[in-house]
Amino acid sequence: MLSDERRDELKERQSPHGLSVDEYRRLGHILVDQTADLLASIPDQKLKGSCDPETVWEALGDTAIPEQGEDAEVVLSEAVSLMSEHSLFNGHPKFWGYITSSPAPIGILGDLLASATNPNCGGWMLSPMASSMEMQTVQWIAELMGYPTPCGGLLVSGGNVANILGLFAARVSAVGKEVRETGVAGRQCAVYASSATHTWIQKAVDLSGLGTESIRYIPIDDEERMRADALAEQIKTDVENGVTPIAVVVTSGTVSTGAVDPIREIYAICREHGIWLHVDGAYGAPAAALPEADPDLKALRLADSVALDPHKWLYSPLEAGCLIVKDKQTLLDAFSYRPPYYWEDSGEEGKTDFFEFGIQNSRGFRALKVWLGLKQAGREGCIESIRQDIDLTKAMADALDAEPEIEVFSRRLSIVTFRWKPAGFAGCEEDMNRLTQAIMDEMFESGDAYVSHAVQNGMLQMRACIVNINTKLADVEALPGIVCQLGQAVMDSGVWSEPGE
Ligand SMILES: *Cc1c(COP(=O)(O)O)cnc(C)c1O
């Protein structure tokens, strides 16, 4: 029995987690203003790539959990200043590292609305509108890329998980549903992917019980594309030896240089053997929307499954990945369990219980920020934003190329790779790699721009990837000057010539 006192308290319950609606409104307005100020200030900031752990932990305070709570306004303003002062802003117009896009502002607001409504997109009945919007988002993405609809699919945390789920669907399709009971036990399986494939594939075969030895890394050509002849050869050998092919994984836009595998040719090989074709389009898939896109990029429509990242080339704030499959039944075959403590599947048209289609149970409303972006821009707007990135990358590559001391190596999609090599440089290739590394270190230190690296044939290259709605022409045209200046400073200091580790 609760005491009377406790009963009285609970009548007008005050949760330590609560805020009155008025307080929520007031703090929300302050926060929106602060984030607007932050967004406005980012272009004039240095890219703080060099934040060291000591500085960060000093600001954060390595303390135990607070015993007593604090005023929400104080806590929020502390978070705003910690994040404003110690973040690497991928929305900075000169941020071109990895494949990490700037957040579309409407997506930021979408996350607020998603949290305020807080639908659980695991079950349709817990999130009728949100789950329907997720279903619609998946179809819209497919339509944008020219993938046949209606299709199946769902939103997940990112490219890794989208690809991993795709491989699970392929596994069940290849060896049958009983693999979910028996495991792959003793069966020899193979997954084919080029040697330029992103590291998700190792996690996928590991998690699915196939093991990393099941990966057949197919060699690539000079353009970093999978060699279809080598693939055909490897499949033939495996099949002759009683190995079961699970999937051929092609990449549409490799992480390093944006290469697109020859999907049309590879599709023919898959057809011949009845092998699942999976496209890792985490980066490049949305660019299939462009009328002028590489025919092999557009050929992703042939695949059984496509993974892509709305948090890359659809500019959604993190996290948003997406897996699309031709036949939604394949996802149910791979993931569905219906325990007795869940509701019956009504089988009604227009309903999807997303918990059955992937590994998550409770699910947030990731789709909203993607849906909003697609609706704000429309098909034409999506094409234009991507085309702007690609054209700015061309302008950047041209500007780099025009500099006699800069060598440009590859330019594909929105990635350009290059290095600075002064006239008369006498060192060997290893020295050049050290020099390139030293220039990149200087760039992180200076915060003038942010690029990451690529390694091609043992050569270290700087790599700029524009997936950034805030980048403008002047930003890309400033890069050669920044590189040359940093390069000269490094040469003068002699740092580069110190023995490497
Ligand atoms: C980014 C990327 C991934 C991984 O996606 P995450 O969203 O980081 O999990 C996988 N493959 C390719 C080709 C990528 O570009």
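Everything quoted here is computed from the prediction, not taken from an experiment.

1. Some words on the site of the ligand
Point 1. By nearness alone, 15 residues border the ligand, and G159, N160, D280, D309 and K312 come closest of all.
Point 2. In the environment of the ligand, an oxygen atom lies 2.6 Å from a nitrogen or oxygen atom belonging to the side chain of D309.
Point 3. Bound to the protein, the ligand loses 85% of the 380 Å² it would expose on its own.
Point 4. When residues of the shell around the ligand are traced back to their parent elements, those giving at least two are α7 (159–175) and α13 (310–313).
Point 5. A total of three residues in the shell around the ligand trace back to one element, the largest contributor, which is α7.

2. Considering the pairing of strand β9 (residues 406–412)
Point 1. Here β9 pairs with strand β10 (residues 415–420) via five bridges, running antiparallel. The partner of E407 across the bridge, within β10, is R419.
Point 2. With antiparallel pairing between neighbouring strands as the criterion, β9 and β10 make up a hairpin whose turn holds two residues, including L413 at a positive phi of roughly 45°.

3. What about the domain arrangement of the chain?
Point 1. Its domain assignment divides the chain into domain 1 (18–47 + 49–86), domain 2 (119–364) and domain 3 (382–493).
Point 2. Once you take the C-alpha centre of each, domain 1 and domain 3 turn out to be 33 Å apart.
Point 3. Contact residues are listed per partner, giving four residues for domain 1 and seven residues for domain 3.
Point 4. Carbon and sulfur atoms supply 53% of the area that domain 1 and domain 3 bury against each other, a total of about 460 Å² over both sides.

Rules used throughout
- Residues numbered from 1 in each chain as written.
- Predicted model: local features only at pLDDT ≥ 70, side-chain atom pairs only at ≥ 80, totals over all residues.
- Heavy atoms only, no water.
- Near = heavy atom within 4 Å.
- Polar contact = N/O pair within 3.5 Å; in protein donor to acceptor, adjacent residues only side chain to side chain.
- Areas by Shrake-Rupley, 256 points an atom, 1.4 Å probe, with all protein chains shown as cover.
- Helix = DSSP H or I, 4+ residues; strand = E, 2+ residues; numbered from the N terminus.
- Pairing = 2+ DSSP bridges.
- Domains from an automatic or database assignment.
- Contact = heavy atoms within 4.5 Å.
- Buried area = accessible area lost by both parts, 1.4 Å probe.

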